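One-letter residues, chain by chain:
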Amino acid sequence: LDSEQNNKFYDHYFEVPIDLSKVLFIATANDASLIPGPLADRMEMIEISGYTENEKFNIAKLYLVNKAIERNGLTKKQFKINGSAIKYIIRHYTREAGVRDLERNIDKICRKACRMILTEQVETVKVTKDMIIDDIINIDQNLVTILMQSGMHCVGCPASRGESLEEACFVH
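Asker: Mind showing me how you'd approach the side chain of Thr94 here?
Answerer: Tracing the backbone shows Thr94 in the loop between helix H4 (83–93) and helix H5 (100–120). In terms of polar contacts, Thr94 uses its side chain to reach the backbone carbonyl oxygen of Ile90, at 2.6 Å.

What follows is the structure, encoded as structure tokens:
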């Protein structure tokens, strides 16, 4: 922050003065608008954009799917998800710059696959864009709803970027 003030810092726990004038402070925030004004005025903001769709796809394909398979007790033989399904999830079910929502949605699909393997005695669940675990995808005036044949949602309502989640889930 202010190097002129940092050379006079006194640590009350150790009871020693510390010169912090040559220290670089680094802070991270998901939402810069939540940083108090006086603190933000003393900071130099460097904004770093999130992952691109292609980067998210590669992260999912190389790491997240394998992690979800292992975490949910599946094998690579039991669960397969193709690239178009991953891209569809990225485009329609994630809003964030990172990959947390993507990971949650892949986990959710893996849990549904586990249920199918255990209750329906199938050996392999293959997830595609057009048929996400036997879901029927209906598109009506940019509102997408996923209806499973069993009556359960696979990944829920899409996270449309221009509307709230409740508006995106509304079907006429």
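From this point, things continue past the structure.
Asker: Can you help me understand the packing of H4 against H5 in this one?
Answerer: Geometrically, a packed helix pair is captured by the angle between its two axes and the distance between the axes. Direction vectors running N to C along H4 and H5 enclose 125°, while the axes themselves pass 10 Å from each other. Judged on the interaxial angle alone, H5 and H4 are oblique. Classified by chirality, the crossing of H5 by H4 is right-handed. Side by side, H4 and H5 meet where Ile89, Ile90 and Tyr93 of the first sit next to Asp101, Leu102, Asn105 and Ile109 of the second. Split into classes, the residues belonging to the contact of H4 with H5 amount to five nonpolar, one polar and one charged.

Asker: Would you mind showing me how to read the pattern of salt bridges here?
Answerer: When charged atoms on two side chains of opposite charge get close, those side chains can pair. For the coordinates displayed, the defined rule picks out five salt bridges. Notably, a salt bridge pairs Arg91 with Glu53, separated by 2.8 Å at the nearest N-O pair. Of this pair, Arg91 sits in helix H4 while Glu53 sits in helix H3 (residues 53–71); the two residues are 38 residues apart in sequence, bridging distant segments of the chain. For Arg91, a relative accessible area of 45% translates into the label partly exposed. For Glu53, a relative accessible area of 34% translates into the label partly exposed. Glu103 is the partner of Lys67 in a salt bridge, and the nearest nitrogen-oxygen pair spans 3.1 Å. Residue Lys67 is located in helix H3, and its partner Glu103 is located in helix H5; the two are separated by 36 residues in the primary sequence. What you see here is one network of salt bridges that share partners, running through Lys67, Arg71, Glu103 and Asp107.

Asker: What is the right way to look at H5 in this model?
Answerer: In an α-helix, one turn spans 3.6 residues; hence positions three or four apart end up facing the same way. Taking 1.5 Å per residue, 21 residues should reach 30 Å; H5 reaches 30 Å between its end C-alpha atoms and fits that length. Restricting attention to buried positions, one finds in H5 the residues Leu102, Glu103, Asn105, Ile106, Asp107, Ile109, Cys110, Lys112, Ala113, Cys114, Met116 and Ile117. Just beyond H5, the residue with positive phi is Gln121, at close to 50°.

Cut-off values and rules
Residues numbered from 1 in each chain as written. Predicted model: local features only at pLDDT ≥ 70, side-chain atom pairs only at ≥ 80, totals over all residues. Heavy atoms only, no water. Helix = DSSP H or I, 4+ residues; strand = E, 2+ residues; numbered from the N terminus. Polar contact = N/O pair within 3.5 Å; in protein donor to acceptor, adjacent residues only side chain to side chain. Axes fitted to C-alpha atoms, helices over the stretch in contact; angles between N-to-C directions. Parallel < 35°, antiparallel > 145°, perpendicular 65-115°, else oblique. Left-handed = near helix turned anticlockwise from the far one by under 90°. Contact = heavy atoms within 4.5 Å. Nonpolar A, V, L, I, M, F, W, Y, C, P; charged D, E, K, R; others polar. Salt bridge = Lys/Arg side-chain N within 4 Å of Asp/Glu carboxyl O. Buried < 20%, exposed > 50% of the residue type's maximum accessible area, 1.4 Å probe, protein only. Expected span 1.5 Å × (residues − 1).

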